[in-house]
Amino acid sequence: MSKQQWTDTALAKALERGKERKSFTSTSDFPVERLSTPEDVHTDYETAIGYPGQYPFTRGVQPTMYRGKLWTMRQYAGFSTAEESNRRYKYLLEQGQTGLSVAFDLPTQIGYDSDDPVATGEIGRVGVAIDSMKDMEILFDGIPMDKVSTSMTINAPAAILLAFYIAAAEKQGVPPDKLQGTIQNDILKEYSARGTYIFPPAPSMRLVTNLFAYCSANTPQWNTISISGYHMREAGCTAAQEIAFTLADGIAYVEAALKAGMDVDDFAGRLAFFYASHNNLLEEVAKFRAARRLWAKIMKERFRARKERSMMMRFHTQTAGCTLTAQQPDNNIVRVAVQSLAAVLGGTQSLHTNSKDEALALPSEETVRIALRTQQIIACESGVADTIDPLAGSYYVESLTDRLQEKAEAYIARIDDMGGAVKAIELGFIQREITESAYEYQKAVETKEQVVVGQNQFIMEKVPVGGLLTIDPETAAFQVRKVTDVRKNRDNAAAREKLAVLRAAAATDDTNLMPLILDCARIYCTEGEICNELRAEFGEYRATEVL
Amino acid sequence: MAERKIRILIAKPGLDGHDRGAKVIARALRDAGYEVIYTGLRQSPEQIAAAAVSEDVDAVGISVLSGAHGYLFPRIIELLREQGADDILVFGGGIIPDADIPVLKAAGVAELFTPGTPLADIINFLRERYPE
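Residues numbered from 1 in each chain as written. Chains lettered and ligands numbered in written order. Predicted model: local features only at pLDDT ≥ 70, side-chain atom pairs only at ≥ 80, totals over all residues. Heavy atoms only, no water.

1. Focus on the confidence of the model for chain B
As a reminder of what qualifies: Within a predicted model, pLDDT stands for the predictor's per-residue confidence, ranging from 0 to 100.
For chain B, per-residue confidence averages 95 on the pLDDT scale, and residues scoring 70 or more make up 98% of the total. For this predicted complex, the interface confidence comes out at an ipTM of 0.95, alongside a pTM of 0.96.

2. Structural notes on the interface of chain B and chain A
In plain terms, the rule: Throughout, a residue-residue contact means that at least one pair of heavy atoms, one from each residue, lies within 4.5 Å. Two parts placed together each lose some accessible area under a 1.4 Å probe, and the buried area is that loss summed for both. Salt bridges are defined as contacts in which a side-chain nitrogen from Lys or Arg sits within 4 Å of a carboxyl oxygen from Asp or Glu. Counted as a polar contact is a pair of N or O atoms within 3.5 Å, where, for protein atoms, one must be capable of donating a hydrogen and the other of accepting one, and residues adjacent in sequence contribute only when both atoms are in side chains. Each helix corresponds to a stretch of at least 4 residues labelled H or I by DSSP, and each strand to a stretch of at least 2 residues labelled E; elements are numbered beginning at the N terminus. Polar here means any residue other than Ala, Val, Leu, Ile, Met, Phe, Trp, Tyr, Cys and Pro, which are nonpolar, and Asp, Glu, Lys and Arg, which are charged; Gly is therefore polar.
In this complex, chain B contributes 30 residues to the contact, which on the side of chain A involves 37 residues. Between chain B and chain A, roughly 2,900 Å² of surface is buried when both sides are summed, and carbon and sulfur atoms account for 56% of that area. In this structure, the salt-bridge partner of Asp98(B) is Lys462(A), at a minimum N-O distance of 3.1 Å. On the surface where chain B and chain A come into contact, there are twelve residue pairs in polar contact (both at pLDDT 80 or more). For the side of chain B that touches chain A, the element with the most residues is helix α1 (residues 20–31) of chain B, which contributes eight residues. Residue composition of the side of chain B that touches chain A, grouped by class: 15 nonpolar, six polar and nine charged.

3. Observations regarding the pattern of salt bridges
Going by this rule: We call a residue buried when its accessible area falls under 20% of the maximum for its residue type, exposed when it is over 50%, and partly exposed in between, using a 1.4 Å probe and counting protein chains only.
This model, assessed by the stated rule, comprises 47 salt bridges over all chains. Two residues, Glu426(A) and Lys423(A), come together in a salt bridge whose shortest N-O distance is 3.7 Å. You can see Glu426(A) and its partner Lys423(A) sitting in helix α16 (residues 421–426), three residues apart, about one turn around the helix. Among the ionic pairs, Lys105(B) bridges to Glu111(B), the shortest N-O distance being 2.9 Å. Lys105(B) sits in the partly exposed class, given a relative accessible area of 35%.

4. Here's the deal with helix α18 (residues 475–489) of chain A
Residue and element names in this part refer to chain A. Basically, it comes down to this: Under the convention used throughout, the expected extent of a helix is 1.5 Å for every residue step, that is, one less than its residue count. Taken from the helix axis, the directions to the C-beta atoms give the arc we talk about.
Look at α18: 21 Å from first C-alpha to last across 15 residues, which is about the 21 Å you get at 1.5 Å a residue. If you check which residues of α18 are buried, you get Thr-475, Gln-479, Lys-482, Val-483 and Val-486. Buried positions in α18, seen along its axis, are confined to an arc of 90° and lie on one side of it. Residues Arg-481 and Lys-488 are exposed on α18 and point more than 90 degrees away from its buried face. Buried-residue contacts for α18 involve α3 (82–94) and α5 (133–139).

5. Structural notes on unusual backbone geometry
Residues and elements named next belong to chain A. Following Tyr-55, the chain continues to Pro-56 via a peptide bond in cis, the omega torsion being 5°. Even without being a glycine, Ser-80 presents a positive backbone phi close to 60°. Position of Ser-80 relative to the elements: it lies in the loop between β1 (72–77) and α3. Its relative accessible area of 4% is what places Ser-80 among the buried residues. Notably, Gln-328 is not glycine yet its phi reads approximately 45°, a positive angle. For Gln-328, a relative accessible area of 22% corresponds to the partly exposed category.

6. So, the sheet that holds strand β7 (residues 271–277) of chain A
The pairing of strands in a sheet comes from backbone hydrogen bonds and takes either a parallel or an antiparallel form. Residue and element names in this part refer to chain A. Quick reminder of the rule: The criterion for strand pairing is that DSSP finds at least two bridges linking the strands in question. Lines are fitted to the C-alpha atoms to define the axes, a helix being fitted only along its stretch in contact, and any angle between axes, read from their N-to-C directions, falls within 0 to 180 degrees.
The parallel open sheet is built from nine strands, whose spatial order is β5-β4-β3-β2-β1-β9-β8-β7-β6. The open sheet terminates on both sides in strands that have one partner only, identified here as β5 (222–223) and β6 (225–228). Here β1 pairs with strand β2 (residues 99–103) via four bridges, running parallel. Across the sheet, residue Ala-77 finds its bridge partner in β2, namely Val-102. The strands touched by helix α13 (residues 331–345) are β7, β8 (314–319) and β9 (350–352); relative to β8, the strand with the most contacts, the crossing angle is about 170°.

See below:
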């Protein structure tokens, strides 16, 4: 029997008896197939799906996947001071977390010291305040930097924070080539979604590629960028747009590095990616598979990469913060479990699980522990990690993988026509697409076409939530004292000299700034001082607002 | 003469980059018939108060998700008062813990809308303040 025959007979009869509940649409705006059959899968197994660890990597980047090594359980954490966050990291490591992920406060992310007036009210609020190498030493006190892998969510001033990290490791006796981890260093999504930009695109891209070149020679185990769709998805885009905008940004970085004279196979293997995982489990699994296959194709066909490693899309996943509800927060544990399952079935290399209280505050020790346990239950009890890419061959998942890839490729072609991702951002195209999707989603929530359990349906009387994390009001004053002491106790003549050298090099186009920033870091120049030199030379980015 | 539309400034103070909520609300208020001006990111309290006065707005809606609300809201209200613009209604939203809400209201914030609030509630709040 063909699908058409079934549709005309058995299905037609059933639909006569009763209509379906509603029309079914994926979050990426295409109708969800009622039933997928072999007729819906047009891909050739060998060329389009293939084997894990081999081009086009649809089934995963390693031949053994989680049978060899589980994904890295990496909770994004940081608040208040380096002292407080160091205690949280040690707690997480004791609880079985396998990698660290540093959240910085907003002044640090935007290149201001804690005593800058702009920092008022923001110190230590959304992450840890790091003003100089001194804070980085405290943050990793008692944590062996040659053993732990660290991810740092820092973008506009990525080179500076990486310099603090390298310099602090040197003080622990750990040379740069032993360091393992990732620096986000993805400025493009800051312009299109996340908002912590400092400099205009051209000098920002220079800092990105300077870091690529430095790390390629000095820190071979370090991922030099985490090309992020997460924040664009959080800002409201769909799954298909998330693939498209992320890979379009990826293309822009590869082009910038090639233009700076690097060989594709010298840096592409250290590019990492970062995605969100949402509630629509099958669409998310298909998204990860489609993105992996598409990136491999781009690297092979567009950029003529030769090494297989250059074609692998290795990625971190975070469960979707924007799906968490402030109402009935316990329900968020279930959302996080579904989203984590999607990430694991999609073959993620590392995972952050959100805590149930994150629509209300930064997570407490208790809630972050539940989030970590969620990963551990999936890893050790669910059995989904025992076999590789188990949803492959599902008629629905394979057809959805194809459709998501097609939709993403169509977007990338449009962005190419505009002149690439940087141009598309300057034109406001990506921002407009994201804002439009966010508004459409909100309207669907308003009409309850999109149900959010506990928020627009199955509503209960509000119960006060206890045990939320609060930031000690003394944090700001403590941090200001610390940075003042750092400036007092260092060799200020040397600091002035190294900052002047950096400024002069920034004025030229061809000097790699990374070693000069490292010189400044080692003698306790502060983040704000280093950034101010660069601001003076590069200027600051002014966004054109898109509504 | 056409009746003057109610003008609302949607503002993102401080260093917070989370503007999904601010933009969605700006769009919704515009669709509801208000004249909406959006400041964009990273505006200082001084810039926001100055914009509110020079744009002659009736209300300012402030969005803060970074935890800096305890400083930013009262500071903007203080600056509006200093400029004799305390007739401008100040409301807002974001990740604002319940415990902080009475403190901000005492400082002069008319209403706070926390995550999950239907857009209709915000529009109703403004309709009550500014009946047609």
